[in-house]
Each structure stands twice: as structure tokens, then as C-alpha cells.
Amino acid sequence: MVGGFGSVGQPDALIEGLIEQGARDLTIIANNAGAGHVGLAKLMAAERVRKIICSFPRSAGSVVFEELFQAGKLELEIVPQGTLAERIRAAGAGIPGFYTATTVGTQLAEGKESKIFDGRPYVLERALQADIALIQAWRTDRMGNCLYRESGRNFNPVMAMAARMTVVQSCGMVPLEDMDPEAIVTPGIFVERIVVVPDETRAASLDRKAA
Amino acid sequence: MVCQSRIGIPTLVADAIPEGREIILHSENGILGFGPAPAPDKLDPWLINAGKQPVSLNPGGSFFSHTDSFAMIRGGHLDLCVLGAFEVAANGDLANWTTSAQDAAPAIGGAMDLAAGTRRIWVATEHTTKTGTPKLVERCSYPLTAPAVVDRIYTNLAVIDVRDNAFTVIDMIPGLTREELQSKTAAPLFFEVPEYA
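Remember, it's a predicted structure, so these values are computed and weren't measured experimentally.

Draft legend 1. Inspection of the sheet that holds strand β12 (residues 166–172) of chain B at higher detail. Residues and elements named next belong to chain B. Read across the sheet, ten strands follow the order β4-β3-β2-β1-β5-β8-β10-β11-β12-β13 without closing on themselves; strand pairing throughout is mixed. Single-partner strands in this sheet number two, and they are β4 (56–63) and β13 (189–191). Recorded for the sheet is a direction-independent mean angle of 30° between the axes of neighbouring strands. The pairing of strand β10 (residues 150–154) with strand β11 (residues 158–163) spans three bridges and is antiparallel. Each bridged residue has a counterpart across the sheet, and for Y154 the counterpart in β11 is V159. Contacts from helix α2 (residues 66–74) reach β1 (2–5), β2 (24–27) and β3 (31–35) within the one sheet, and its direction differs from that of β2 by about 120°.

Quick look at the structure:
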């Protein structure tokens, strides 16, 4: 699982690490299928991804995905964005499946179990778990507690819950006593590893904003 | 009122809200109360909308995760969603995610969740495709996003309500005749608007 929405909140340094590490035949769960030639697009270009499960593969600059997909070198499972988030949440919460009205009456509901509740039809969706989640957080402490920044939160907290191992790319560590317990979004119980990667380009633009 | 306006023509909604109307815009990537694009020197790389364009946050705005964002959508908490469309049928069927079962790279995003979960669905679209093919049709030929969900359509030519499995024109641009509008529409039109011509 790889967090982020577009490039915001996407742990690019961890994806670089995955490319160096050499894992192959990967199934990637992410909202988008990469853009340009960095991050997920770079991982796919190295032909290390067998399958991608996502909601919006085709977007501006998703050239690597489109080439590989058209050449038959990449399997695609397309999932509506809310169903994707909820399938991941279900896995993290120990729920094997759930019913949703999303996709009812469309080709994506074909072959899925359906049921009527209070007169309205719903389809059964299964939980989606991963071996590894790579996420990005704004601030972390040594307990693994995470804060996010603005729209950089997106899929990161829910993915942290749904993997056997969650690795956080953190923009900065703070001492335990400086972390506000009321503000923590992802409690450290969901986090196994932290890699600190200061976000200098973004920090610079934030300084400019504050100035 | 809480509203979602989608990628494409609907992104123009944010700029068209008249002064004095408090419309809270929702973005599926975890923002309530986003505002217009900031000045180039105030760009914030952490703050984008669902179309991945830079936005600002209005006072009273909030950030949340995808889980909460789609709980708002699926749970029926949004009053209105404005989406683009490939086709809309007279019974309110919406097709806007793929043009065929063999489409190389379809793209759903949040459209199916919004179509199924929002109280009112408006479509904002050109009246025809670039080649002049009607987008308002008797039955959709493309795979559906959701059946019987569209309430109203805003095109470059007219405003059309979907009522009782039929298109009812409630406004038209000046100078356009009913016959011309009908010739660009592939389903019967009913009119509740005087001709300006």
C-alpha cells in the first residue's frame, strides 16, 4: 500500500528505497498510478509491479502506467475511491467485508453478492489488507504517533491501520513531550518503522507563505 | 449547503459562487471549506483539491482522511454534487468514467461514491461532444456510473431538469430555438421556458 493523493502525502523516498531494495512482482494498492517518471511511475517503469489496485489510474502525466497497461505488462483492478478507502479501513478494523450502494447498477457490481436493506440494494465488498504500507506523515515521535499536514493526510492514516508492517516517511521527529495527544491522528500502535526525510522544498515554500 | 464540484467544467463552480452565499465546498481528498487558488507566491504544496490543483482554505475549513471524506459522501451528508458527464439519459442514468468495456485506462475516482451517496446530483457539461454528438440521450451507450441519479443538467445551451424519466428544459440561452436545441439532443425535450428568440 502506498499513501498519497496525487503527489501530496506520497512517500517518494520510501518508494525510492523499495526500488533500491529490489522487490519484484509487487501488487500496489494506491489511489493513483503515478505521474511523470518519479515515485510510483518509476517503480512501474522498472517493471517491478505486477498489479495495481487503484481508483484513478489515468490522470495528467500517467504515461508510464498507460504504456505498460497497453502493452499488457500490468494488471489493473479499478475500485471506486470510497470503496477503496473503506476496504482498507475494514482490513484495519478486522471486518472481512461490508455492503455499499456504490457501484449498484453498474458493470463493477457484476458477479458480486448483493443484498437489499430497507428497500435499497447494496453490494458486498471485501476487506483489502497489505503486507507493507508506505505512508507519509508531517510529524512523528518515537512512539510512532503521527500528525499529517493539510491535504497530505488522505489515505495515509487508513493505510497505516491495514498492513502487517507500516513504514512512515516522516518530515520531522518531535520529542514525546512536544506531541499534543489531542492532535494525534495515527496512534503509534499502527506504526512499525519511521524514516525521517526532511521536506526541504516544501518547507521553503511554507516559510515563504509564513513570511 | 455543502457541495462537491468535480474535475473538469465543474471546477468552475468555485469561482461562480456569488458573494454573500455561504457554500461549503468539499474535496474528496480530505478538505471541507476550500477556497479559490492562491496567488502564485502563496502556493502551498500540501493543499490541493481533487483535481490536484492548488487551493486555499477558508475560515472554518477542516482537513480529514479519506475514510472520513467518503463517510461524508456515502453517508448522505453532502447536499449537492456537480459532476461532468460523457452521457446522461432521460431517466437520470449517468455515464462518466469509461467510454467502453475495452477502455485502456478507465478512471473512476470518487464519481461512483458521489453518484450513489449525494442527495442531489447536477451535471455540468457541453451539450454535445467536440464532434457534435449529443450527450443527452434516451439510453446511455457507455457503462454507467450510477443509474437514475441525475437531477439537473447545466450545458452551454440550456438548463434541463430530469423529471419522471424525461428532460424538461427550464432555461435556454437567448437566440436559440427549441428546434435547434432538440436537434442537438438525442431524447425528447419538454419545455417550461419561453422562447427568447
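Draft legend 2. Molecular detail of the packing of helix α4 (residues 81–93) of chain A against α2 of chain B. Following both chains from N to C, one finds α4 of chain A and α2 of chain B inclined at 125°, their axes separated by 9 Å at the closest point. Here α4 of chain A lies oblique to α2 of chain B, going by the angle between them. In this structure, α4 of chain A meets α2 of chain B at a crossing whose hand is left-handed. The segment α4 of chain A lies against α2 of chain B, with Q81, G82, T83, A85, E86 and R89 of chain A engaging H66, T67, F70 and R74 of chain B. When its residues are assigned to classes, the contact of α4 of chain A with α2 of chain B shows two nonpolar, five polar and three charged.

Draft legend 3. Structural view of the sheet that holds strand β10 (residues 163–170) of chain A. All names here are of chain A. Overall, parallel pairing links the three strands, which are arranged β7-β10-β11 in an open sheet. Of all strands in the sheet, those bounded by a partner on one side alone are β7 (130–137) and β11 (193–196). On average, each strand axis in the sheet is tilted by 20° relative to the strand beside it, whichever way the strands run. Relative to β10, β7 runs parallel, the two being bridged by seven bridges. Looking across to β10, one finds that L134 is bridged to V167.

Draft legend 4. How the structure looks around the confidence of the model for chain B. Looking at chain B as a whole, its pLDDT mean stands at 91, while 96% of the residues score no less than 70. Across the interface, the model reports ipTM at 0.92; the global pTM reads 0.93.

Draft legend 5. Quick peek at the layout of surface pockets. Residues and elements named next belong to chain A. In this structure, the largest pocket spans a volume of roughly 590 Å³. Class assignment for the residues of the lining of the largest pocket results in 13 nonpolar, six polar and five charged. Considering only enclosed or pocket space, the second largest pocket measures out at about 500 Å³ in volume. Together, 21 residues line the second largest pocket, and M1, L18, L26, D131 and I132 are the ones closest to its centre. Within the residue set of the lining of the second largest pocket, elements represented by two or more residues are α1 (12–21), β1 (26–29), β7 and β10. Looking at which element gives the most residues to the lining of the second largest pocket, the answer is α1, with five residues. Within the lining of the second largest pocket, the residues separate by chemical class into 14 nonpolar, four polar and three charged.

Draft legend 6. Up close: the pairing of β1 of chain A. Residues and elements named next belong to chain A. Here β1 runs beside strand β2 (residues 49–54); their pairing, made up of four bridges, is parallel. If you follow I29 over to β2, its bridge partner there is I53. For the segment spanning β1, helix α2 (residues 40–45) and β2, crossover handedness is right-handed.

Draft legend 7. Quick peek at the pairing of strand β8 (residues 120–124) of chain B. Residues and elements named next belong to chain B. For β8, the buried fraction is high: four of the five residues fall into the buried class. Pairing of strand β5 (residues 80–83) with β8 involves four bridges; the strand directions are parallel. The residue of β8 that forms the bridge with V82 is W122. Pairing geometry for β8 and β10, over four bridges, is parallel. Bridge assignment links V123 to a residue of β10, and that residue is I153.

Draft legend 8. Summary view of the side chain of K51 of chain A. All names here are of chain A. Inspection of the secondary structure puts K51 in strand β2. A polar contact of 3.2 Å, which involves the side chain of K51, links it to the side chain of E77. Leaving out residues up to four positions away in the same chain, K51 has contacts with L26, T27, I28, L74, E75 and E77.

Draft legend 9. Structural view of α2 of chain B. Where α2 of chain B is concerned, the buried positions are H66, T67, S69, F70, M72 and I73 of chain B. The inward-facing, buried residues of α2 of chain B contact α4 and α5 (156–161) of chain A together with β1, β2, β3 and α3 (111–117) of chain B. Regarding α2 of chain B, its N-cap is S65 of chain B, as a side-chain oxygen of that residue lies 3.3 Å from the backbone nitrogen of T67 of chain B further along. Count one or two residues on from α2 of chain B and you reach G76 of chain B, which has phi positive near 75°.

Draft legend 10. Summary view of the interface of chain B and chain A. Every contact between the two is made by 39 residues of chain B and, on the other side, 51 residues of chain A. When chain B packs against chain A, the two sides together hide about 3700 Å² of surface, and 61% of this comes from carbon and sulfur. Ionic pairing is found between R74 of chain B and E86 of chain A, a salt bridge with its closest N-O pair at 3.9 Å. The tally of links between chain B and chain A comes to 14 residue pairs in polar contact (both at pLDDT 80 or more). Among the secondary structure elements, those contributing two or more residues to the side of chain B that touches chain A are α2 and α3 of chain B. The element contributing the most residues to the side of chain B that touches chain A is α2 of chain B, with four residues. Residue composition of the side of chain B that touches chain A, grouped by class: 23 nonpolar, eight polar and eight charged.

What counts and how
- Residues numbered from 1 in each chain as written.
- Chains lettered and ligands numbered in written order.
- Predicted model: local features only at pLDDT ≥ 70, side-chain atom pairs only at ≥ 80, totals over all residues.
- Heavy atoms only, no water.
- Pairing = 2+ DSSP bridges.
- Helix = DSSP H or I, 4+ residues; strand = E, 2+ residues; numbered from the N terminus.
- Axes fitted to C-alpha atoms, helices over the stretch in contact; angles between N-to-C directions.
- Contact = heavy atoms within 4.5 Å.
- Parallel < 35°, antiparallel > 145°, perpendicular 65-115°, else oblique.
- Left-handed = near helix turned anticlockwise from the far one by under 90°.
- Nonpolar A, V, L, I, M, F, W, Y, C, P; charged D, E, K, R; others polar.
- pLDDT = per-residue confidence, 0-100.
- 1 Å grid on protein atoms, 1.4 Å probe; cavity = no way out; pocket = protein on both sides within 12 Å on 5 of 7 lines; lining within 4 Å.
- Points joined across faces, edges and corners; volume = space filled by probe spheres on them.
- Right-handed = clockwise from strand over helix to strand, strands pointing away.
- Buried < 20%, exposed > 50% of the residue type's maximum accessible area, 1.4 Å probe, protein only.
- Polar contact = N/O pair within 3.5 Å; in protein donor to acceptor, adjacent residues only side chain to side chain.
- Buried area = accessible area lost by both parts, 1.4 Å probe.
- Salt bridge = Lys/Arg side-chain N within 4 Å of Asp/Glu carboxyl O.

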